[in-house]
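The residues making up each chain are set out below.
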Amino acid sequence: MLDALYQMLDPVAFTVGPFSVRWYGIAYVLGFLGAGALMYLTARRWKLRFSEEALLTVALCVIVGVVLGGRLGYVLFYGNGYYFQHPLEILAFNQGGMSFHGGLLGALAGGIPAALITRIPYLTLADLASIGTPIGLFFGRCANFVNGELWGAVTDAPWGVVFGGAAGPLPRHPSQLYEALLEGLVLFVVLYLLSRKVPPRPRGTLFGLFLVLYGSFRFLVEFVRQPDAQLGYLWGGWLTMGQLLSVPLIVAGVVVLTYAWRKRLPEQGLVE
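Read on for an overview of the structure. (Residues numbered from 1 in each chain as written. Predicted model: local features only at pLDDT ≥ 70, side-chain atom pairs only at ≥ 80, totals over all residues. Heavy atoms only, no water.)

### Quick word on empty space enclosed by the protein
Using the following cut-off: Within this scheme a cavity is a closed region of a 1 Å grid, computed over the protein atoms alone, that accommodates a 1.4 Å probe without allowing it to escape, whereas a pocket is open but has protein on both sides within 12 Å along at least five of seven lines; lining residues each have an atom within 4 Å of a point. Grid points are joined across faces, edges and corners, and a volume is the space filled by probe spheres set on the points. Under this grouping Gly is polar, as are all residues other than the nonpolar Ala, Val, Leu, Ile, Met, Phe, Trp, Tyr, Cys and Pro and the charged Asp, Glu, Lys and Arg.
Inspection of every chain in the model, using the stated rule, returns two cavities of 30 Å³ or more. Looking at the largest cavity, its volume works out to about 70 Å³. Lining the largest cavity, in full, are Tyr78, Arg218, Glu222, Arg225, Gln226, Pro227, Asp228, Leu231, Gly232, Thr240, Met241 and Gly242. Of the residues belonging to the lining of the largest cavity, the class tally is four nonpolar, four polar and four charged. Approximately 30 Å³ is the volume attributed to the second largest cavity. Forming the boundary of the second largest cavity are Trp46, Asp127, Leu194, Pro200, Arg201, Pro202, Thr205, Leu206 and Glu267. Taken together, the residues of the lining of the second largest cavity break down into five nonpolar, one polar and three charged.

Structure (structure tokens):
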């Protein structure tokens, strides 16, 4: 049973002296490494001149953007005013609290200096990053499950999981695993298969599709995911913050796809 299996999992992967390494931190490392490796290999398959130096530059800009954006996104979108009263806790990363939507905005912002420094078109970088991002999403959602956080609503389904603690004694939807499947595995398979085409599809196609599919998957899973306790449901008692933030992603994805297929610009690597 999933609940019995979960009860055996420890959020701490291992401890060395006074330092503890958590599965959530390992998920971030695996996500960045996997995404970076896939970006590099895909660029080579597309026959782009994407050097190791360019990859390191992009990785540094994006990692900084994801970490800062994820934290600030949580503070603004999910803090419910708490951090404005306790501003010093904004930088308390050890207390948890990261937002994917904020991390995405941070990554997109970090892509601007990365594109300028490497002289690689912004949408080409976005396409390459979109293929690898689901890897991080998969590991991250699995880590959420291990941590016993972001659980789903109460259910009588046979696969319901008892998380205990603040989640109570009733079985709940393992919404973290639903998201790992849809936002991670399914999204990765779709984008990876599309990226196999050589020459590649018009610049911006994979990025636009990523936004549409992620936004749609997240919107659907939120129907069975318990909203954050400090916010609850919005607008009539059914809409969640996650759904509210996902709608603009879907709209933006449609806009990017429309632009990509009207302009039909080729993917372009480092100009040497």
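### A closer look at helix H2 (residues 23–45)
Note the following rule: The secondary structure listing takes helices from DSSP runs of H or I that are at least 4 residues long and strands from runs of E that are at least 2 residues long, numbered from the N terminus. A helix is expected to reach a length of 1.5 Å times the quantity of its residues less one. With a 1.4 Å probe rolled over the protein chains alone, any residue whose accessible area is under 20% of its type maximum counts as buried; one over 50% counts as exposed, and the rest are partly exposed. By definition in these notes, contact holds between two residues if any of their heavy atoms fall within 4.5 Å.
An ideal rise of 1.5 Å per residue puts 33 Å on 23 residues; H2 measures up with 32 Å between its terminal C-alpha atoms. Where H2 is concerned, the buried positions are Ala27, Gly31, Gly34, Ala35, Gly36, Leu38, Met39, Tyr40, Thr42, Ala43 and Arg45. Each element contacted by the buried residues of H2 is listed here: helix H3 (52–78), helix H6 (122–147) and helix H7 (175–195).

### Things to note about the nonpolar core
Stated precisely, the cut-off is as follows: To define a nonpolar core, start from buried Ala, Val, Leu, Ile, Met, Phe, Trp, Tyr and Cys residues and group those joined through side-chain atoms within 4.5 Å.
One finds Phe50, Leu125, Phe210, Leu211 and Tyr214 to be the most contacted residues of the largest nonpolar core, which totals 34 residues. Contact partners of Leu211, with chain neighbours within four places excluded, come to Leu104, Leu249, Ile250, Ala252, Gly253 and Val256. Counting seven residues, the second-largest nonpolar core is a separate cluster that includes Tyr78, Tyr83, Met241 and Leu245.

### Remarks on the pairing of strand S1 (residues 12–16)
Operational definition: Two strands form a pair only when DSSP identifies at least two bridges running between them.
Across four bridges, the pairing between S1 and strand S2 (residues 19–22) is antiparallel. Bridge pairing in S2 links Phe14 to Val21. Hairpin connection, S1 to S2: the antiparallel pair is bridged by two residues, and Gly17 has positive phi, about 60°.

### As for the pattern of salt bridges
Rules: The working definition used for a salt bridge is a side-chain nitrogen of Lys or Arg within 4 Å of a carboxyl oxygen of Asp or Glu.
Evaluation of the coordinates by the stated rule reveals six salt bridges. We note a salt bridge from Glu179 to Arg218, for which the minimum N-O separation is 3.9 Å. Here Glu179, found in helix H7, pairs with Arg218, found in helix H8 (residues 205–221); they are 39 residues apart in sequence, far enough to count as distant. For the residue pair Glu179 and Arg218, the accessibility class agrees, reading buried in each case. A salt bridge links Arg218 to Glu222; its shortest N-O distance comes to 2.7 Å. Using a relative accessible area of 3% as the deciding quantity, one classes Arg218 as buried. Overall, Glu222 belongs to the buried group, its relative accessible area being 4%. Look at the salt bridges and you will find they share partners, linking Arg141, Glu179, Glu183, Arg218, Glu222 and Arg225 into a network.

### Some thoughts on the environment of Phe139
Counting through the fold element by element, Phe139 comes out in helix H6. If we ignore the near neighbours within four places in the chain, the residues touching Phe139 are Ala27, Leu30 and Gly31.

### Remarks on H6
With 26 residues, H6 extends 35 Å between its outermost C-alpha atoms, agreeing within 8% with the 38 Å of an ideal straight helix rising 1.5 Å per residue. Within H6, 19 of the 26 residues are buried, leaving the element largely enclosed by the surrounding structure. Looking at the residues trailing H6, positive phi occurs at Gly148, about 70°.

### Regarding the side chain of Ser99
Heads up, the condition is: N or O atoms within 3.5 Å of each other form a polar contact, as long as, within protein, one can give a hydrogen and the other can take it, and as long as residues adjacent in sequence are counted only when both atoms are side-chain atoms.
Among the structural elements, Ser99 can be located in the loop between helix H4 (82–85) and helix H5 (100–118). For Ser99, a relative accessible area of 5% gives the class buried. Looking at Ser99, its side chain comes within polar contact range of the main-chain nitrogen of His101, at 3.4 Å. A polar contact of 3.2 Å, which involves the side chain of Ser99, links it to the backbone nitrogen of Gly102. Once residues lying within four places of it in the same chain are set aside, the contact partners of Ser99 are Gly70, Gly73, Tyr74, Phe77 and Tyr78.

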